[in-house]
4 protein chains.
Amino acid sequence: MNTQLRHSAATPAGAAPEARYTAVRALTADLCQSLGPEDMGLQSMADASPAKWHLAHTTWFFETFLLATEQRDYRLFHPDFAYLFNSYYNGVGEMNPRALRGLMSRPTVAEVLAYRAHVDQHMQSLLRDRGDEPGISALLTLGLNHEQQHQELLLMDIKHLFSLNPLKPAWRPLPRVSTSSAAPLKYVSRPAGQVSIGHTGTGFAFDNETPRHPTLVPAHELADRSVSNAEFRDFVRDGGYRNPIFWMSDGWATAQREGWHGPLYWDEDLETEFSLAGWREIAPGAPVCHVSWYEADAFARWAGARLPTEAEWESLAVTQTLAGNFLDAGLVQPAPAAEGDLQMFGDVWEWTGSAYSPYPGFTPLGGSLGEYNGKFMINQMVLRGGACVTPADHIRASYRNFFYPQQRWQFAGLRLAKDA
Amino acid sequence: MNTQLRHSAATPAGAAPEARYTAVRALTADLCQSLGPEDMGLQSMADASPAKWHLAHTTWFFETFLLATEQRDYRLFHPDFAYLFNSYYNGVGEMNPRALRGLMSRPTVAEVLAYRAHVDQHMQSLLRDRGDEPGISALLTLGLNHEQQHQELLLMDIKHLFSLNPLKPAWRPLPRVSTSSAAPLKYVSRPAGQVSIGHTGTGFAFDNETPRHPTLVPAHELADRSVSNAEFRDFVRDGGYRNPIFWMSDGWATAQREGWHGPLYWDEDLETEFSLAGWREIAPGAPVCHVSWYEADAFARWAGARLPTEAEWESLAVTQTLAGNFLDAGLVQPAPAAEGDLQMFGDVWEWTGSAYSPYPGFTPLGGSLGEYNGKFMINQMVLRGGACVTPADHIRASYRNFFYPQQRWQFAGLRLAKDA
Amino acid sequence: MNTQLRHSAATPAGAAPEARYTAVRALTADLCQSLGPEDMGLQSMADASPAKWHLAHTTWFFETFLLATEQRDYRLFHPDFAYLFNSYYNGVGEMNPRALRGLMSRPTVAEVLAYRAHVDQHMQSLLRDRGDEPGISALLTLGLNHEQQHQELLLMDIKHLFSLNPLKPAWRPLPRVSTSSAAPLKYVSRPAGQVSIGHTGTGFAFDNETPRHPTLVPAHELADRSVSNAEFRDFVRDGGYRNPIFWMSDGWATAQREGWHGPLYWDEDLETEFSLAGWREIAPGAPVCHVSWYEADAFARWAGARLPTEAEWESLAVTQTLAGNFLDAGLVQPAPAAEGDLQMFGDVWEWTGSAYSPYPGFTPLGGSLGEYNGKFMINQMVLRGGACVTPADHIRASYRNFFYPQQRWQFAGLRLAKDA
Amino acid sequence: MNTQLRHSAATPAGAAPEARYTAVRALTADLCQSLGPEDMGLQSMADASPAKWHLAHTTWFFETFLLATEQRDYRLFHPDFAYLFNSYYNGVGEMNPRALRGLMSRPTVAEVLAYRAHVDQHMQSLLRDRGDEPGISALLTLGLNHEQQHQELLLMDIKHLFSLNPLKPAWRPLPRVSTSSAAPLKYVSRPAGQVSIGHTGTGFAFDNETPRHPTLVPAHELADRSVSNAEFRDFVRDGGYRNPIFWMSDGWATAQREGWHGPLYWDEDLETEFSLAGWREIAPGAPVCHVSWYEADAFARWAGARLPTEAEWESLAVTQTLAGNFLDAGLVQPAPAAEGDLQMFGDVWEWTGSAYSPYPGFTPLGGSLGEYNGKFMINQMVLRGGACVTPADHIRASYRNFFYPQQRWQFAGLRLAKDA
């Protein structure tokens, strides 16, 4: 049983541009190694995309924002691919409606791989020649981080697709998660005061992490690990999904309408859950995963606590080593925290109580890339810390992920906070 | 350019059971010859099914209604396939919801083909040993006719899927249709009187064609060919889709809500249409195709005519030779009528003015096969005569096809009738 | 307790035009006597209309088709009322969308009554002067029959509205229905043969009852009364609503989607039902009422029978006296049949197995009135015989009522038939 | 022409509890003075409620939270009214679904007024006896503020209902708004620093305004008045509704799906708008009104500015006199600012860029009243300052109103802000 990915998820630190490009691109293909052409064309819901589309869209990104503008005489691989594989950049043209992504049997997987090879070849050439130019380098880094986001999305989407299949296929065999219990939950005390959050300026960050700015946090306490499956199961067994008193009004309405009985992939027996390796027993000490913001918030209220704010979270996270259970570890499932690990990075994204809004003084990237983040800064909530499907070198303390409060297919859990 | 199907669509008349089985089964696979695994798993709308599903469902039919009951010690190929590939037979168990047919990347095409091979092998064995037993023979014939229906559905569904793809792929290269005009339309006069319609008792028929029974027809006239594309284009250009006076109330509401501007696959220029060979110029003399009952009925009203009833149609059809432009011809598109041909068979299914109701004294087949036809005898309208995607030996004068009045993806046109 | 209507539902036979007009118009107003302005403006679902709208629409009908064309110098009561109160006659102009009928607090009830008074005054004048002219007389009769249809609709709609009110108001106090059981059901044998159905030519008929024409009926049997509540309750208790084997495919899907557990107004205890007089015990011997075609058809299949065709029904009905439990009786609820009464008229409309299609040779009325019936001749099923909310002089053996197979708020039941 | 409300919207400062109660309650009834029973029962959309429901629900609030708990031997006016008129307090029992509020023709308006009289009588008695007890007094104040919120909702809902009526009725004749232009827009400079926001502790506030807490604001500029109709019209004419570049992604999707062409009540000519006095010319200098957050945000981006945060807004507002164009002024429409007036209070609610989240340390009210505000703190945005339909003594600088970003029927406009 080979559970190892062939390529490292890590882009070698300080590597040459070509090497970094190659490493990230190879991992994306690697994630599809166990998938057949049938698997790669399906779209299980409007929020998800086919694996084939992820392969092509990330390629389109390099073609559009680097090759088409920087590579002299570059010829588009196919005149219609801009229409097919533009996701949401109105600034660069019309696009295929999102809901139709799963109805495109053509181009085939082979054609998409040829598209990737074509773009890779030209990118290698461009990077060899001009990879150290700041403009090229910045777009390369953006494109690689973009592709890493789609690596995670690809796994989220495949998991969702397979979960709907009565045959319950597995993406890959994966190691078993430890069945040990989580250590008793303790709180870390944090004083009131002014903190600065946002990108420190060293290394890459998305525009939504800027500008770094001061903000005030009250005296508060943060749990020393994520909420565990066992703890969340207590909430369910205590009637958490049947009592509106714990829920936001919109959350309660959603839970009733969609018939939620527990986290997305939990069976009704509360003992087994669907994983990328198929059905597994729920590991009691591992962080609960695949809960919406509504469920995270309801759990916190039931527990007499609340969700942390972004500032509370980030100001603690910067004190921690940037390490954890990421995609590179090959586990691809949340696991119980190691002793002494606050588990702020990896395992599961942690919902915060902060709406995804622009930071004071926020300015989007110029041009069409300004559509990357800014236009989504409404109706969504911030998550922090990365998950077991996130490449390790993609994350940082200031990283702001965001989803709608009802979404559950991302690898999201929560950490409790309390006012002091 | 090979436009020929490798296998004849025709089951050899009077052939041995094994040969008949082989011929029909081979044609189904042949229709998929130009399709890749990506093409075969997609479902473009709730009414359609993936090609892969058609391959498996027709196989399940033989497994369930023949092998599982008649073949001693037969072991199901896969315990879950009954759930996956049962279409609507409540009597034999639960089934996967129709809308999820397009989300099953597994089983793969290869696995479905293995399923077909497994069942084929056992069917061959059963037919060799007991193929002449009346019970076996009857179920075989039903199963083969069932598979032929799905051959037509498979082509309808692939056409619809490809029409939504911005790359506009073709199923296969196909011969050009004659661009000649249709001969001036004439009417055949038919006297009032009592006629008998329904299955004559010779050869196979579905239960919905029985019992044969007398009925009265008024004096009337029937057009000597189907309505042509050129004639239908006149209707469109005359504002036919903008004037409610021609339309049934439900039809008008549907046309407005869905923004109809002409037959399903016509471009807005009224000059080109999507075919199984890709975009083509509309052949003016060929029968109009892919119109709903609402559009057929509106056209007839605009033309000062009406749709024929089943009895009017059938009583003329029995006087004609059972020949026409069927799937076997390899054209797979409607074409202008040959001189002297009333065009009652082949080219396009012809909408009638008759609701799909049980014939007087109708009794469904016993057991679960009673769900084959009877439970659909409401809300649908009868079509007659077969189309260019229908196997030639699948049709007869008494054949009753049926679709909802708003459906357009079947190869349906119309013939005009008038009261005398 | 006054349960009597102040005005007779019957238009005096052979009365002068003015008297006939007055009688019908007075009854409509009378039906609203117990309703307040709050009750008269609400629309409980898209199929229903506010009582106020019925009052105005029937008035608009006379204004549009008689006064505006026949009365010299007639001035419309209000320039916008044509837009507000046209139901579906595209030929005479645009109209307010049906779903918005319940959002028009203005005109007020008082203004609508003033509209009625205005039109009544002019109609009286017109009828006095020219009421005997054949053209005027024909339109008068049509308008009065139209108003009678809306009398029935008004009661259907009020019943539906009140059924949704947690206070469960009553339209009026009404007499109790006999709690006696129905006599054992027997069948009347009917020979095969040719019969003629459709309007005989004497008196008024809608265009959809014409032309009278011959048709064949098989040898068959018709039940000697409607299916009773007790019999239908047996079906429910026998799991009739939980077993798809009894149901048409579309019907089963509808019943599941909408959670049907019995006839529309039955409580889940199967003992009480909502009536125009509020909640009542279900009268076991009275005809079951408020069932859709799907339920009627499923019941018949469960009972080993079927629904009669129009021709079977009408050819027996013409042998019966045109009498029964109509609106005029003041009971306004179905009741057990009197001994010897086949119950073909009154109590409940009886679903037939016949689709609502044009009779052979059907020609709609000319002009905009051609939209009255013809454009609805698709997707609906025929009901016969009138109900306890139908004015007695509105019905005849050839009368064809029609509803969609899923509709239940009309007073519809069924009669069983069998092949001989 | 009497455009004056009979009762002052202002509760006399420092008045006796009975007097305050009487004043507020009388105004609510007064707002319905020009409405008939037909107007008062309709619900034009799920977000709105019938006027009758507002009259009853506010009464239920006093009955439930004061009389039922504090008045010995108090008997509920009607046992079902708790079910009918509970809005969303799960803690006190089940409730009628919101979407059915417009289908309750009973209780009648007269019955609801009797309910009000009954509760008023008992409230007067309770207040006379114990109105000075702190517990009673606090609940009284909450109940009166609650009723004032529904006064504003009632006007919003009537405006929406009337806007859908083809007869375009007016709520009342109202004074004309000045047609003068707005003064050229200037910005007020504001330094960076720490400010405290939230309820100061003096007088009444809702729980969502607490606790008062420090926060940081950057150096910024705030416009010296609301955006005017003329300015917003420039945005529309400049293609603001056709260019996605100005819009949030969710906003653009909403605008396309719903076909927005300008503020909610603007005609397509951009010259006239629907007001509570019927159709009027758009006053160029008056604040734009009835825009969603999406439109406000898009306008600001087009204008090279942004929306202010809550803290920026409140820290300037506390420096201003709490005066403006409120309901008490009787204009009931936004109007151009007086010279020197920053227009922060009255005219239109001003959208902020702040999500409606709990303040640090927020604790909801205890018991069922904890459902008043807290459970809505997700998916909504904060608005500040009150509008021309808000009672003057209902507002304060710390007041947080909240609506979903797509909602437009509230009297909402915007003020521009900029980073320094």
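About the criteria used
Residues numbered from 1 in each chain as written. Chains lettered and ligands numbered in written order. Predicted model: local features only at pLDDT ≥ 70, side-chain atom pairs only at ≥ 80, totals over all residues. Heavy atoms only, no water. Contact = heavy atoms within 4.5 Å. Buried area = accessible area lost by both parts, 1.4 Å probe. Salt bridge = Lys/Arg side-chain N within 4 Å of Asp/Glu carboxyl O. Helix = DSSP H or I, 4+ residues; strand = E, 2+ residues; numbered from the N terminus. Buried < 20%, exposed > 50% of the residue type's maximum accessible area, 1.4 Å probe, protein only. Polar contact = N/O pair within 3.5 Å; in protein donor to acceptor, adjacent residues only side chain to side chain. Least-squares fit on C-alpha atoms with pLDDT ≥ 70 in both. Pairing = 2+ DSSP bridges. Axes fitted to C-alpha atoms, helices over the stretch in contact; angles between N-to-C directions.

This next bit is on the interface of chain B and chain A. On the chain A side, the residues contacting the 31 residues of chain B number 31 residues. In this assembly, chain B packs against chain A so that about 2,400 Å² is buried in total across both faces, 63% of it on carbon and sulfur atoms. Contact with chain A buries area across many residues of chain B, yet Glu-38, Leu-103 and Arg-106 of chain B alone supply 29% of it, more than any other trio. Between Arg-106 of chain A and Asp-39 of chain B there is a salt bridge; the shortest N-O distance is 2.7 Å.

Pro-107 of chain C follows Arg-106 of chain C through a cis peptide bond whose omega is 0 degrees. By the element assignment, Pro-107 of chain C lies in the loop between helix H4 (81-85) and helix H5 (109-130). Despite not being glycine, Gln-343 of chain A has its phi angle at roughly 60 degrees, a positive value. Inspection of the secondary structure puts Gln-343 of chain A in the loop between helix H9 (310-317) and strand E7 (349-355). Of note in the backbone geometry, His-290 of chain D takes a positive phi value of approximately 65 degrees without being a glycine.

Our focus in this paragraph is the side chain of Ser-275 of chain A. Residues and elements named next belong to chain A. Within the secondary structure, Ser-275 is located in strand E5 (residues 272-275). When its relative accessible area of 6% is taken as the criterion, Ser-275 is described as buried. From its side chain, Ser-275 meets the backbone nitrogen of Ala-277 in a polar contact 2.9 Å long.

Take the relation of the copies chain B and chain A next. Structural alignment of chain B on chain A gives an RMSD of 0.0 Å, achieved by rotating through 180 degrees and translating 0.0 Å along the axis. Classification of the inter-copy transformation places it as that of a two-fold axis. No C-alpha of chain B approaches the rotation axis more nearly than that of Glu-38 of chain B, which lies at 2.6 Å. Comparing interface residues between copies, 97% of those in chain B also lie at the interface in chain A; the contact surface is shared.

Glancing now at the sheet that holds strand E4 (residues 220-223) of chain D. All names here are of chain D. What the 3 strands build is an open sheet, ordered E1-E4-E11; its pairing is antiparallel. Because the sheet does not close on itself, it has two edges, and the strands there are strand E1 (187-190) and strand E11 (417-419). Ignoring which end each strand starts from, the neighbouring axes of this sheet average 25 degrees apart. Sheet strands in contact with helix H9 (residues 310-317) are E1, E4 and E11, and its direction is about 65 degrees off that of E4.

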